[in-house]
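Here is how the chains run, residue by residue.
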Amino acid sequence: MKILVINCGSSSIKYQLFDMERTAALASGLVERIGEAEGRITHHRLTGAHPRTVTLDAPIADHHAGLTRMADLIMDPEVGVIAAPVELAAIGHRVVHGGERFSASTIIDDEVIDAIQALSPFAPLHNPPNLAGIRVARKLFPRAVQVAVFDTAYHQTLPAAAYRYAIPTEFYEEHGIRVYGFHGTSHHYVARLAARHLDIPFNHFNAITLHLGNGASMAAVENGRSVDTSMGFTPLAGLIMGTRSGDLDPAVVYFMGTRLGFSFEEIDRILNKESGLLGLCGVNDLRDIERRREAGDAAATLALDMYAYRIKKYIGAYIAALGRVDALVFTAGVGENSLLVRELVCTGLDLLGVTLDAEKNATAARGQLSEIQAADSRVKVLVAPTNEELEIANQTLAVVRKT
Ligand code: AMP
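In every chain, residue numbers begin from 1 and rise along the written sequence. In keeping with the model being predicted, local features are shown solely for residues with a pLDDT of at least 70 and side-chain atom pairs are shown and tallied solely at 80 or more, while totals for entire chains, interfaces and linings include all residues. Side-chain metrics rest on all non-hydrogen atoms present in the structure, leaving aside hydrogens and water.

## Section: the site of the ligand
Right, on to step 1. The rule for a residue being near a molecule or strand is that one of its heavy atoms must lie within 4 Å of it. In the region of the ligand, the neighbouring residues are Gly 213, Asn 214, Asp 285, Leu 286, Arg 287, Ala 332, Gly 333, Val 334, Asn 337, Ser 338 and Arg 366.
Right, on to step 2. By the criterion applied in these results, polar contacts are pairs of N or O atoms within 3.5 Å in which, for protein atoms, one can donate a hydrogen and the other can accept it, and in which residues neighboring in sequence qualify only through two side-chain atoms. In this structure, an oxygen atom belonging to the ligand sits 3.4 Å away from a main-chain N or O atom of Val 334.
Right, on to step 3. Note that accessible areas follow from Shrake-Rupley with a 1.4 Å probe, and for residues the cover is restricted to the protein chains shown. Here the ligand loses 71% of its free accessible area of 500 Å² to cover by the protein chains.
Right, on to step 4. At the level of secondary structure, the elements contributing two or more residues to the shell around the ligand comprise helix H10 (286-294) and helix H12 (332-337).
Right, on to step 5. A total of four residues in the shell around the ligand trace back to one element, the largest contributor, which is H12.
Right, on to step 6. Here the shell around the ligand is composed, by residue class, of three nonpolar, five polar and three charged. Only runs of H or I of at least four residues qualify as helices and only runs of E of at least two qualify as strands under DSSP, and these elements are numbered from the N terminus. Note that Gly is not counted as nonpolar here; it falls among the polar residues with everything else outside the nonpolar set of Ala, Val, Leu, Ile, Met, Phe, Trp, Tyr, Cys and Pro and the charged set of Asp, Glu, Lys and Arg.

Here it is, written out as structure tokens:
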């Protein structure tokens, strides 16, 4: 059975086509700069005796044009991996916001499309392009089952004590203002991977998962279910990220608006795009920050210290929330690759049962699940490669099998 996974952003489309019998990715690609003067498509055929990459530079007017090109490439006699649309059993779409309506992946029909549309005010930059992808994919592949996999769904098990904000109840009841949480697909995937590795049944597994990429969030997982998470009503809350501030006294927004004269749009841009590591030291790529710290740069050193300190505080909070923790699970670009961040985060947590083995931390193999805790650490510390596309494909398959 072949499943295509599509992740439509505002100006890009990522795709990956899986053979589910072999759990193998057959093709993947990226459509970039949609709607701009110069567009680009990079397509990889990953299977066969001769894996191949093709790059096409041409303007891509909209998502329809981008997905049509993608469809041509995956069915191309030279670089394609299927011969006709009917070979695709299903398409899994990443949808960022599923609100309270969607606590699991679901088959897409007209009513689901309307519901995703209705949730667009909660994710105005994400849900509309996600929907554009769904609409075009239904036309291009009418026989494939279309499935929506939501970034928020895994966190729908949060108890009210964790998801409510202490503002007047009507803001929740009438306007849906609460913690939703994001990166759910990744938290769920690495939590299951870790439980399987440690041979603990998932419904008895307690963990703290740390998705540290350019966007970053943590989740407290109790008996396999998410019970708290650091992102909130939007992805702006929680950890310090590449360009997002993370947690902030909300009165700062009021002050910026009333005293400093910034508009809501400007404040939104500052907090989402100009803050975080970028705002603190001028760059947001952690590799650059590590190099600058190494060279003695004070701003980079402070940025990294603040970044790690925030994560550490959340670990303490989630250990308190969970009581028992089987594992800390580091994942995503920074979590999988930065031994310095893992070291800064875990140093001083011995009393909480977390002790790193410096050697194992330094030699954790990229792309593989590794244990990096010391022999006497009560809590296991894992580095786990996330794979959101594969998780979307797996969930799509599960939905298809149920029908
Ligand atoms: P992601 O959003 O998961 O793709 O993660 C992207 C981030 O991972 C980049 O901004 C980098 O800061 C970080 N990253 C990737 N590779 C490394 C590395 N070898 N060391 C430190 N950070 C890395």
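That shown, we press on.
## Thoughts on the sheet that holds strand E13 (residues 370-371)
Right, on to step 1. Pairing between strands requires that DSSP locate at least two bridges from one strand to the other. What the six strands build is an open sheet, ordered E11-E10-E9-E12-E14-E13; its pairing is mixed. Bordering the open sheet on either side are strand E11 (225-229) and E13, each of which pairs with just one other strand.
Right, on to step 2. In the sheet, strand E9 (residues 207-212) pairs with strand E10 (residues 216-222) via six bridges, with the strands oriented antiparallel. Bridged to Thr 209 within E10 is Ala 219.
Right, on to step 3. Here helix H13 (residues 339-346) sits on the sheet in contact with E9, strand E12 (327-331) and strand E14 (380-383), set at roughly 150° to E12. The criterion used for residue contact is that any of the two residues' heavy atoms lie within 4.5 Å. A fitted line through C-alpha atoms serves as each axis, taken over the contacting stretch for helices, and the angle formed by two N-to-C directions is quoted from 0 to 180°.

## Overview of the packing of aromatic side chains
Right, on to step 1. Geometry of aromatic contacts follows a simple scheme: Phe, Tyr and Trp rings, the Trp one being its six-membered ring, pair when their centres are within 6.5 Å, and the pair is stacked under 30 degrees between planes, edge-to-face over 60, tilted otherwise. Applying the stated criterion across every chain, the model contains seven aromatic pairs.
Right, on to step 2. With a centroid separation of 6.3 Å and 40° between ring planes, the pair formed by Tyr 180 and Phe 233 is classed as tilted. You can see Tyr 180 sitting in the loop between helix H5 (169-173) and helix H6 (184-198) and its partner Phe 233 sitting in the loop between E11 and helix H7 (251-258), a full 53 residues away along the chain.
Right, on to step 3. On the numbers, 6.4 Å between centres and 35° between planes, the contact of Phe 202 with Phe 205 is tilted.
Right, on to step 4. Note on exposure labels: buried denotes an accessible area under 20% of the residue type's maximum, exposed denotes more than 50%, and partly exposed covers the range between, all computed with a 1.4 Å probe on protein chains only. Phe 202 sits in the partly exposed class, given a relative accessible area of 21%.
Right, on to step 5. Among the aromatic side chains, those forming a connected cluster through ring pairs are Phe 122, Tyr 180 and Phe 233.
Right, on to step 6. Between the NZ or CZ atom of Arg 178 and the centre of the ring of Tyr 163, over which it lies, the distance is 3.6 Å. Consider the ring centre and the ring normal. A charge sits over the ring if Lys NZ or Arg CZ is within 6 Å of that centre and within 35 degrees of that normal.

## Some details on the pattern of salt bridges
Right, on to step 1. Salt bridges are identified by distance alone: a Lys or Arg side-chain nitrogen within 4 Å of an Asp or Glu carboxyl oxygen. Across all of its chains, the model carries 15 salt bridges by this definition.
Right, on to step 2. The shortest N-O distance in the salt bridge between Asp 326 and Arg 324 comes to 2.8 Å.
Right, on to step 3. Taking relative accessible area as the criterion, Arg 324 reaches 39% and is therefore assigned partly exposed.

## What about the environment of Thr 386?
Right, on to step 1. Relative to the assigned elements, Thr 386 resides in the loop between E14 and helix H15 (388-402).
Right, on to step 2. The class of Thr 386 is partly exposed, set by a relative accessible area of 21%.
Right, on to step 3. What Thr 386 contacts, discounting residues up to four positions off in sequence, is Ser 186, Tyr 189, Val 190, Thr 331, Ala 332 and Glu 336.

## As for the environment of His 197
Right, on to step 1. As for its placement among the helices and strands, His 197 is situated in helix H6.
Right, on to step 2. The exposure class of His 197 is partly exposed, given its relative accessible area of 38%.
Right, on to step 3. Sequence separation between His 197 and Leu 382 is 185 residues, and the spatial gap between their C-alpha atoms is 9.7 Å.
Right, on to step 4. Once residues within four sequence positions are removed from consideration, His 197 is found in contact with Leu 369, Glu 371 and Leu 382.
Right, on to step 5. A distance of 2.8 Å separates the side chain of His 197 from the side chain of Glu 371, its partner in a polar contact.

## Thoughts on the pairing of strand E3 (residues 24-32)
On a regular strand, each side chain points to the face opposite its neighbour's, so the side chains alternate between the two faces of the sheet.
Right, on to step 1. Where strand E2 (residues 13-19) lies against E3, seven bridges are found, and the strand directions are antiparallel. Paired with Leu 17 across the bridge in E3 is Ala 27.
Right, on to step 2. Here E2 folds back onto E3, and the loop between the two strands holds four residues, one of which, Thr 23, carries a positive phi near 45°.
Right, on to step 3. Pairing of E3 with strand E4 (residues 40-45), which is carried by six bridges, proceeds in the antiparallel orientation.

## Describing the nonpolar core
Right, on to step 1. One finds Ile 208, Leu 212, Ile 315 and Leu 328 to be the most contacted residues of the largest nonpolar core, which totals 45 residues.
Right, on to step 2. For this core, the elements supplying multiple residues, two or more each, are E9, E10, helix H9 (276-281), H10, helix H11 (298-322), E12, H13 and E14.
Right, on to step 3. If one sorts the elements of this core by residue count, H11 sits on top with eleven residues.
Right, on to step 4. Within this scheme, the nonpolar core is defined by two criteria: the residues are buried Ala, Val, Leu, Ile, Met, Phe, Trp, Tyr or Cys, and they are joined through side-chain atoms within 4.5 Å. Listed in part, the 29 residues of the second largest apolar core include Ala 207, Ala 219, Val 329 and Leu 382.

## Details of unusual backbone geometry
Right, on to step 1. A positive phi angle, close to 55°, is found at Arg 33, a residue other than glycine.
Right, on to step 2. For Arg 33, the position within the fold is in the loop between E3 and E4.
Right, on to step 3. With a phi angle near 75°, Ala 332 is a residue other than glycine that sits in the positive phi range.
Right, on to step 4. Here Ala 332 lies in helix H12.
Right, on to step 5. Judged by its relative accessible area of 6%, Ala 332 is buried.

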